[in-house]
Amino acid sequence: MKIDYYLPDGPLDAVPRRVARARDIGYDGVFTADTAHEPFLPIVAAVPSGRGMDFGSAIAVAFARSPMVVAQTAWDLAALSRGRFLLGLGTQIKPHVERRFSMPWGAPARRLAEFIGALKAIWDTWQNGTRLRFRGEFYSFSLMTPFFDPGPIDYPRIPVYVAGVGPAMSRLAGEMCDGYHVHPFHTVRYLREVTLPSMDEGARPAGRSSAGITLASMVFVVTGRDETEMATMRARVRQQIAFYASTPAYRRVLEVHGWDFGPRLTAMSKRGQWGRMADVVPDEVVAEVAVEAPIDHLGEAVRHRYQGLLDRVGFYALDGAMPAVGDDMWAQVVSAIRG
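Because the structure is predicted, anything quoted here is derived from the model rather than measured.

Each value, and the rule that gives it
- Residues numbered from 1 in each chain as written.
- Predicted model: local features only at pLDDT ≥ 70, side-chain atom pairs only at ≥ 80, totals over all residues.
- Heavy atoms only, no water.
- Helix = DSSP H or I, 4+ residues; strand = E, 2+ residues; numbered from the N terminus.
- Rg over C-alpha atoms; globule rule 2.2 N^0.38 Å.
- Buried < 20%, exposed > 50% of the residue type's maximum accessible area, 1.4 Å probe, protein only.
- Contact = heavy atoms within 4.5 Å.
- Areas by Shrake-Rupley, 256 points an atom, 1.4 Å probe, with all protein chains shown as cover.
- Lys, Arg positive; Asp, Glu negative; His and termini not counted.
- Charge placed at Lys NZ, Arg CZ, Asp CG, Glu CD.
- Phe/Tyr/Trp six-rings, centres within 6.5 Å; stacked < 30°, edge-to-face > 60°.
- Core = buried A, V, L, I, M, F, W, Y, C linked by side-chain atoms within 4.5 Å.
- 1 Å grid on protein atoms, 1.4 Å probe; cavity = no way out; pocket = protein on both sides within 12 Å on 5 of 7 lines; lining within 4 Å.
- Points joined across faces, edges and corners; volume = space filled by probe spheres on them.
- Pairing = 2+ DSSP bridges.
- Arc of directions from axis to C-beta.

Peer 1: I tried to follow the overall build of the protein on my own but got confused; where do I start?
Peer 2: Looking only at helices and strands, one finds 13 helices and 13 strands in the protein. Here the C-alpha radius of gyration of the protein, 20 Å, is about what a compact globule of 339 residues would show, namely 20 Å. Considering only C-alpha atoms, the protein reaches an extent of 65 × 45 × 35 Å along its principal axes. Taking all 339 residues of the protein together, the buried fraction comes to 53%. Residue pairs in contact within the protein that sit at least 24 positions apart in sequence constitute 72% of those at least 6 positions apart. As displayed, the protein has an accessible area near 15400 Å², and 51% of this comes from carbon and sulfur atoms. One finds the centroid of the 38 positive side-chain charges in the protein at a distance of 5 Å from the centroid of its 36 negative side-chain charges.

Listed below in structure tokens is the structure:
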């Protein structure tokens, strides 16, 4: 199992220092997010400080961008990182795509599958000189002149990951992707009963095996040096779980366990009762979603829960809520997770 550092939002000039620290602690990879900052630029800043590490987007919003633009960016990052770039794509929800990015949204699984197909066609043109002739329901590409063709690179096989919660994206990962970013709002039972079977459903008709697909995820943890620190972190995790559980698109996780408080949280969110929503989430839910262990046993607890399920794990950051222990302790945690 590999352990990844999920780069927090912040200025680009802080990236080299943060990545160098993560490398020294022993992290295997660095992932960026498409939140308050553009997700690809930090990777450019990260590569020189993280030689030997993997670098990826977790995730970039596909529908906010043209496949041609993403193809160009990924091509350059693959060359820059010497083949260590992992392209992670996600759909985002309709209000953000339409109102934040002013881009079309609809049929997300079919659209993302076509997006990935277009990427591969474009990369094939650049690497092998294949004539660009891609026509689909949502995207069409038929023009690539020498002036705009970057030409072949030494690392043309760019792994593509998708992110999701429900069966549709899990099936897509099984059908045509190299990896799957599991949403942090999950449980082991949900992975076994929904995610993995759905990946198999997508893989079999495509003549693939889901066993070869990398599963990566940020995971919630409740940890600390004493119970006071753990209680503080548990409260923060409970609040974040309440936020995710209030979103109807994530309700499948609740349904697998028979947890019925999702509609109540949704109603509270619409009334703006964010501060009270955590009170609705029972302790048993926190324990199923988050790994709870003192800091000196955290690594073993993460490995025990996810060994054989996830191939890459990282910590879900909660605005500096992690206990302020030294790098030596984090190195021990990382080493214990890797096993």
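Peer 1: Sorry, what's going on with the packing of aromatic side chains here?
Peer 2: Pairs of aromatic rings are described using the distance from one ring centre to the other and the angle between the two planes. Counted under the stated rule, the structure contains 16 aromatic pairs. Between Phe 243 and Tyr 244, the aromatic rings sit 5.4 Å apart at their centres with planes inclined by 55°, giving tilted as the arrangement. Classification of Phe 243 as partly exposed rests on a relative accessible area of 37%. Among the aromatic residues, those joined into a ring-pair cluster are Phe 185, Phe 220, Phe 243, Tyr 244, Tyr 250, Trp 274 and Tyr 316.

Peer 1: Hey, could you run me through the nonpolar core in this one?
Peer 2: Across soluble globular proteins, nonpolar side chains have a tendency to be buried as a group. Counting residues in hydrophobic clusters, the biggest one holds 75 residues, and the most contacted among them are Tyr 27, Leu 87, Leu 89, Leu 112, Trp 123 and Leu 298. No other element matches helix α5 (residues 108-128), which puts nine residues into this core. Judged by nonpolar contacts, the second largest core, of 29 residues, contains Val 222, Tyr 244, Leu 254 and Tyr 316.

Peer 1: Got a minute to help me understand empty space enclosed by the protein in this structure?
Peer 2: Leftover empty space is mapped by rolling, across the atoms, a probe with the size of a water molecule. Going through the model one piece at a time under the given rule, you end up with one cavity of 30 Å³ or more. Estimated volume of the largest cavity: approximately 40 Å³. If you list the elements that add at least two residues to the lining of the largest cavity, you get β9 (179-182) and α7 (188-203).

Peer 1: How should the pairing of strand β13 (residues 312-315) be read in this particular structure?
Peer 2: Side-chain direction in a regular strand flips from residue to residue, so the side chains alternate between the two faces of the sheet. Residues of β13 alternate between two faces, with Arg 312 and Gly 314 on one and Val 313 and Phe 315 on the opposite face, all of them buried. As paired strands, strand β1 (residues 2-6) and β13 are joined by three bridges and run parallel to one another. Across the sheet, residue Asp 4 finds its bridge partner in β13, namely Gly 314. By the bridge criterion, four bridges tie strand β10 (residues 214-219) to β13 in an arrangement that is parallel. Across the sheet, residue Met 218 finds its bridge partner in β13, namely Gly 314.

Peer 1: Would you mind showing me how to read helix α12 (residues 298-306) here?
Peer 2: One turn of the α-helix equals 3.6 residues, which is why residues spaced by three or four share an orientation. Those residues of α12 not exposed but buried are Leu 298, Gly 299, Val 302 and Tyr 306. Each buried residue of α12 lies within a common arc of 100° when the element is viewed along its axis, so the set occupies one face. Phi turns positive, to about 85°, at Gly 308, one or two residues after α12.

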